[in-house]
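Understanding the architecture of this molecule
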Amino acid sequence: MTGGVVVVGAGLAGVHTVKALRDRGFTGPITVLGEEPHAPYDRPPLTKQFLAGEVDDTTLPELDARLCTGRAATGLGDGEVRTTDGALAYDHLVIATGAKPRTLPAEDGAAVFTIRTVDDARALRSRLTEGHRLVVVGAGWIGAEVAGTAAALGCRVEVLEAASTVLPSCGFGELAAAFEPWYAEAGVRLRLDTKVRGIGADAVELEDGTRIPADTVVVGIGVTPNTGWLEQSPIDRDARGAIEVDARLRTNLPQVYATGDCAAYSSRRYGGPLLLEHWTHAQASPRAIAENILGGETEYDDVPYFWSRQFGRMVQYLGRHSAEDTLVLRGDPAGEKWSACWLRDGALTAVLAAKLPKEIVQARMLFAKEHTMDADLLADPERKLSECVRA
């Protein structure tokens, strides 16, 4: 080998690519490029324990690789990655550049934040003091996490959401209303059907002309794949900018793989490409890449899994459902603990659980065996999921 394995991206997917290769006996050179000046770190705590000041360091264990921090990829050549500090040759390339947050127009001097990096979180944390006026734009998972953390620190928090429900991208339909009371319980004001025109130095201006006073604004309206550096390359990307990879996480270029938030992989399970912005996906998918670099023919097609801590509640989602699936509630969503299942022709497609981690454990086993469920039994929350399999 000459250039060995080059991993572009020092986030979770990049880190686990290195770990998976070493765990499988790869002894060749590995180089990891990280655009940030920091050693790799875990991102999920940034909107929770880190922002609350409960932890100050989420650095991941040291890598058995050459780590180049503060060095960004700028393009691809023939067997090499062009970077801000010269070109790097590779034998195998793994692209794991993640995603970047969407933003909103803002005046000069406005205190506007997105939460993607540890520097973002540290700068925001210093502002979250008693009585501070924080406006969060976007009632998705991240917006709710930031709002809940800030409210617990004594901030005066308002959340603005353009859609008519919270978590609009999740497809929960009427079930999304179950999450809305959590905002008020935490002392957070929630405004739905509220569109933002722009952000000023001391207020957020809505499309109807209303001004919401704000000392600080956090924008949490989603992300886009961080693949702009590939615009002049022959790598196939979809309309969102996500790198298109097959079931083995291979791009259209030989010996070039991609995974994590920047790649849409071909899923046999779901019959099409999936772009997952999940911590567990970034952790698990590099195993397939490592095996394929070492000569295997391994496909990646795990059941998607996501979790979030919403206003003190652990919320988990396993699977992938569509609007045509049948929703079966297990318990009262107005209560503290409940779950919901989606079925398609009797087959379990997804499970959402609030403060019920055992539901997810059982659901994993059911997904693995592809059981057919009895909807009437499933509607009884006193029954275990494993007891609701159709005989």
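Computed from a prediction, not measured in an experiment: that's the story for all the values here.

Calculation criteria
Residues numbered from 1 in each chain as written. Predicted model: local features only at pLDDT ≥ 70, side-chain atom pairs only at ≥ 80, totals over all residues. Heavy atoms only, no water. Disulfide = S-S within 2.5 Å. Buried < 20%, exposed > 50% of the residue type's maximum accessible area, 1.4 Å probe, protein only. Helix = DSSP H or I, 4+ residues; strand = E, 2+ residues; numbered from the N terminus. Pairing = 2+ DSSP bridges. Axes fitted to C-alpha atoms, helices over the stretch in contact; angles between N-to-C directions. Contact = heavy atoms within 4.5 Å. Right-handed = clockwise from strand over helix to strand, strands pointing away. Salt bridge = Lys/Arg side-chain N within 4 Å of Asp/Glu carboxyl O.

Before going further, it helps to examine the state of the cysteines. Applying the stated criterion to the full structure yields 0 disulfides. Here Cys68 stays free of any disulfide, with the sulfur of Cys262 as its closest cysteine sulfur at 18 Å.

For helix H6 (residues 286–293), the tally of buried residues reaches 6 of 8 residues, placing the bulk of the element in the interior. When H6 is considered as a whole, its buried residues turn out to be Pro286, Ala288, Ile289, Ala290, Asn292 and Ile293.

Our focus in this paragraph is the sheet that holds strand S6 (residues 86–89). Taking strand neighbours across the sheet as the criterion, the 3 strands line up as S4-S5-S6 in an open arrangement whose pairing is antiparallel. Taken across any chain shown, the strands that pair with only one partner, and hence form the sheet edges, are strand S4 (73–77) and S6. Taking the axes of each pair of neighbouring strands and ignoring which way they run, one obtains an average angle of 25° across the sheet. Here S4 pairs with strand S5 (residues 80–83) via 4 bridges, running antiparallel. Within S5, the residue paired with Gly77 across the bridge is Glu80.

Within the secondary structure layout, Gly140 lies in the loop between strand S10 (133–137) and helix H3 (141–152). Setting aside residues up to four positions removed in sequence, Gly140 forms contacts with Glu161 and Leu167.

All right, on to unusual backbone geometry then. Negative phi is the rule for most residues except glycine; trans is the rule for most peptide bonds. In the Ramachandran plot, Asp193 falls in the positive-phi region, its phi being about 50° despite a non-glycine side chain. Note that Asp193 resides in the loop between strand S12 (189–191) and strand S13 (196–199). Positive phi is not limited to glycine here, since Lys355 has a value of about 60°. By secondary structure assignment, the location of Lys355 is in the loop between strand S26 (347–354) and helix H7 (357–369).

Within a regular beta strand, the side chains point alternately toward one face of the sheet and then the other, so they alternate between its two faces. Side chains of strand S1 (residues 5–8) alternate between two faces, with Val5 and Val7 and Val6 and Val8 buried alike. Read from S1 through helix H1 (residues 12–23) to strand S2 (residues 30–34), the crossover connection turns out right-handed.

The 5 strands lie next to each other as S22-S23-S26-S25-S24, forming an open sheet whose pairing is antiparallel. Both edges of this open sheet fall to strand S22 (305–310) and strand S24 (326–330), since each of them pairs with a single strand only. Shown here is a sheet whose adjacent strand axes are inclined to one another by a mean of 15°, direction ignored. Where S22 and strand S23 (residues 313–319) come together, 6 bridges link them in antiparallel fashion. Residue pairing in the sheet places Arg309 in a bridge with Met314 of S23. Contacts from H3 reach S22 and S23 within the one sheet, and its direction differs from that of S22 by about 25°. Against the sheet, H7 touches S22, S23, S24, strand S25 (338–344) and S26, its axis set at about 165° to S26.

Turning to the side chain of Thr149, a few remarks are in order. Among the structural elements, Thr149 can be located in helix H3. Every residue in contact with Thr149, bar those within four places of it in the chain, is listed here: Thr47, Lys48, Leu51 and Ala52.

So, on to the pattern of salt bridges. Pairing between side chains of opposite charge can happen when the charged atoms of each approach one another. Overall, the coordinates contain 22 salt bridges when judged by the stated rule. Arg313 serves as the salt-bridge partner of Glu185, at 2.7 Å between the closest nitrogen and oxygen. Taken together, the positions of Glu185 in helix H4 (residues 180–185) and Arg313 in strand S23 put the pair 128 residues apart, joining distant regions of the chain. Taking relative accessible area as the criterion, Arg313 reaches 7% and is therefore assigned buried. Taking the shortest distance from any N to any O, the salt bridge between Glu336 and Lys355 comes out at 2.9 Å. On the criterion of sequence distance, the pair formed by Glu336 in the loop between S24 and S25 and Lys355 in the loop between S26 and H7 is long-range, its members being 19 residues apart. Classification of Glu336 as partly exposed rests on a relative accessible area of 42%. Lys355 sits in the partly exposed class, given a relative accessible area of 28%. One salt-bridge network, held together by shared partners, links Glu185, Arg313, Glu336 and Lys355.

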